[in-house]
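# Residue-level structure breakdown
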Amino acid sequence: MASKADELSDETAVALLARGDHESMVLLLVRHAPRVFSLATAALGRAAAEEIVQDVFVAVWRGADGFDPSRGAFRNWLLTITHNRIANELRRRGRRPDTRESLDTANNLDPADAGPGPDDNVWRDFRRETLREAVDSLPLKQRQALSLAFFDELTHEQVAAALEVPLGTAKTRIRSGIGALRQRLTPLRASLLIAVLLLCGLVWRGQQRVAQLDQDRRALWLVTTSDVVPVRLEPLPGVNPKTHGTYRGRPGEPLAVMTFSNFPPATAGSAYRAWARHGDRWTSLGNVELDAAGNGRLVVESPVLAGTPEGLQVDLESTGRQLPLTPTGKSIIAWPVKP
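Residues take numbers from 1 onward in each chain, read along the sequence in its written order. At least 70 in pLDDT is required for a residue's local features to be given in this predicted model, at least 80 for side-chain atom pairs to be given and counted, and no such filter applies to totals for whole chains, interfaces and linings, which use all residues. Just so you know, side-chain values use all the structure's heavy atoms and leave hydrogens and water out.

## As for the overall build of the protein chain
Scanning the protein chain from N- to C-terminus turns up 13 helices and 8 strands. Relative accessible area decides the class of each residue, using a 1.4 Å probe on protein chains only: under 20% of the type maximum gives buried, over 50% gives exposed, and in between gives partly exposed. Of all 339 residues assigned to the protein chain, the portion counted as buried reaches 46%. Computed with a 1.4 Å probe, the accessible areas rest on the Shrake-Rupley method; for each residue, only the protein chains presented here act as cover. When the accessible area of the protein chain is evaluated, it comes to approximately 17400 Å², of which 52% is carbon and sulfur surface. Strands are runs of DSSP state E lasting at least two residues, helices are runs of H or I lasting at least four, and both sets are numbered from the N terminus onward.

This is the structure we're talking about:
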């Protein structure tokens, strides 16, 4: 029986991603990473293809709010991004990109076909068969936990309940099982299953690129890691009840991702600014950039974020003065909200 995620169209998944639902990124990776990997491998070889896959899906993640389904299907948009990344790499190598085959492929795609094609079905069957074989070779406790998590699609909490063990024990068995799987899978299968392994945390390979790309990768890992619990910032009195935000951080990790939903446009001369409090000290996390629908994303890196904040808030503040050391504007959303 298909899960609810499998029933979502690509276009719906991208729309959800643009609104901050990062679970939909995993869905898109599972559906389309093999196709991107195949195209890149044919043009550039396996090692470079893995980096192309990373670059393409980071671009999807960052540009989801710019995708317009009225201009074509997600597959065509993804193929265009893939073609551009491949062409850039060929130019970097001093080779003239042969675009004819890629363009023919793009033109032959049916924009109305947003559902899985035969290659998607083959990939899904191969993925599950490969995982099943590898999982069956694990020790009993790891096999039970991973079978429930992958094949029965249970959450960590549900796995713990089914096995009648503490939540921490269930998570440990899943993590150790993932580690054992990486050793058991062949290099070919490991490459093809990179999207599936994202369900328990992103596994990026290859050399580090520019700092911004590296930050995007770590941020994407952070928001899809199952043991990171989002903190919800609630609206203050007088603010639209639908206005809210989420904060994702991890102890010891100097990186945080905040998402924002249903914000009204900032008034002239003002901007939304996010703040984090540790004890009596406030740290500005930067200004919040919003799209036309009032949604946005903010990735912040600072040593102070390695410690869990004791307070978070977003204020509407004047932009015509020096950055204050503490919040001074009108609070829009906060955590915790004082009664």
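## Here we look at the sheet that holds strand β3 (residues 255-261)
For two strands to be treated as a pair, DSSP must find at least two bridges joining them. Strand order in the open sheet formed by 8 strands is β5-β4-β7-β8-β1-β2-β3-β6, and the pairing between neighbours is antiparallel. At either end of the open sheet lies a strand with only one pairing partner, and these are β5 (281-287) and β6 (296-301). Within this sheet the neighbouring strands show an average axis-to-axis angle of 25 degrees, counted without direction. Lines fitted to C-alpha atoms define the axes, with helix axes restricted to the stretch in contact, and inter-axis angles between N-to-C directions lie between 0 and 180 degrees.

## A few points about the side chain of His32
Here His32 lies in helix α3 (residues 23-44). Contact criterion: two residues are considered in contact whenever any of their non-hydrogen atoms come within 4.5 Å of each other. Beyond its immediate stretch of four places on either side in the chain, His32 contacts Asp10, Phe57, Phe74, Arg75 and Leu78.

## Describing the confidence of the model for the protein chain
When pLDDT drops low, the exact placement of atoms in the prediction is not to be read closely. Residues of the protein chain with pLDDT of at least 70 account for 73%, and the chain-wide mean is 76. Segment residues 99-123 is flagged for pLDDT under 50; beyond a separation of four residues in sequence, or across chains, it makes 29 contacts in the model. Scored from 0 to 100, pLDDT reflects the predictor's confidence in each residue. In this model residues 186-210 is a low-confidence stretch, pLDDT under 50, and it forms 57 contacts with partners more than four residues away in sequence or in other chains.

## A few points about the packing of helix α4 (residues 46-63) against helix α5 (residues 74-92)
Interaxial distance between α4 and α5 falls to 10 Å at its minimum, and their mutual angle equals 130 degrees. Classed by the angle they form, the pair α4 and α5 counts as oblique. Note on packing geometry: the crossing formed by α4 with α5 is right-handed. On the side of α4, the interface is formed by Ile52, Asp55, Val56, Phe57, Ala59, Val60 and Gly63, while α5 contributes Phe74, Trp77, Leu78, Ile81, Thr82, Arg85, Ile86 and Glu89. Residues that form the contact of α4 with α5 fall into these classes: 10 nonpolar, 2 polar and 3 charged. Roughly parallel here means an angle under 35 degrees, roughly antiparallel means over 145, roughly perpendicular means 65 to 115, and every remaining angle is called oblique. Crossing handedness follows the turn of the near helix against the far one: under a right angle anticlockwise gives a left-handed crossing, and clockwise gives a right-handed one. Side-chain classes are defined by residue name, with Ala, Val, Leu, Ile, Met, Phe, Trp, Tyr, Cys and Pro counting as nonpolar, Asp, Glu, Lys and Arg as charged, and the others, Gly among them, as polar.

## Structural notes on the nonpolar core
Of all hydrophobic cores here, the largest spans 35 residues; its most connected members are Met25, Phe57 and Val60. Those elements giving two or more residues to this core turn out to be α2 (10-18), α3, α4, α5, α13 (211-224) and β3. Those residues in contact with Phe57 that sit more than four places away from it in its chain are Met25, Leu28, Leu29, His32, Ala33, Val36 and Leu78. Nonpolar cores were defined as sets of buried Ala, Val, Leu, Ile, Met, Phe, Trp, Tyr and Cys residues, with membership established by side-chain atoms within 4.5 Å.

## Quick look at the pattern of salt bridges
The term salt bridge refers to a pairing of a side-chain nitrogen on Lys or Arg with a carboxyl oxygen on Asp or Glu at a separation within 4 Å. With the rule as written, the count across this model stands at 5 salt bridges. Its salt-bridge partner being Arg31, residue Asp10 comes within 2.7 Å of it at the nearest N-O pair. Taken together, the positions of Asp10 in helix α2 and Arg31 in helix α3 put the pair 21 residues apart, joining distant regions of the chain. Arg232 serves as the salt-bridge partner of Glu234, at 3.0 Å between the closest nitrogen and oxygen. Glu234 gets classed as partly exposed once you look at its relative accessible area, which sits at 32%.

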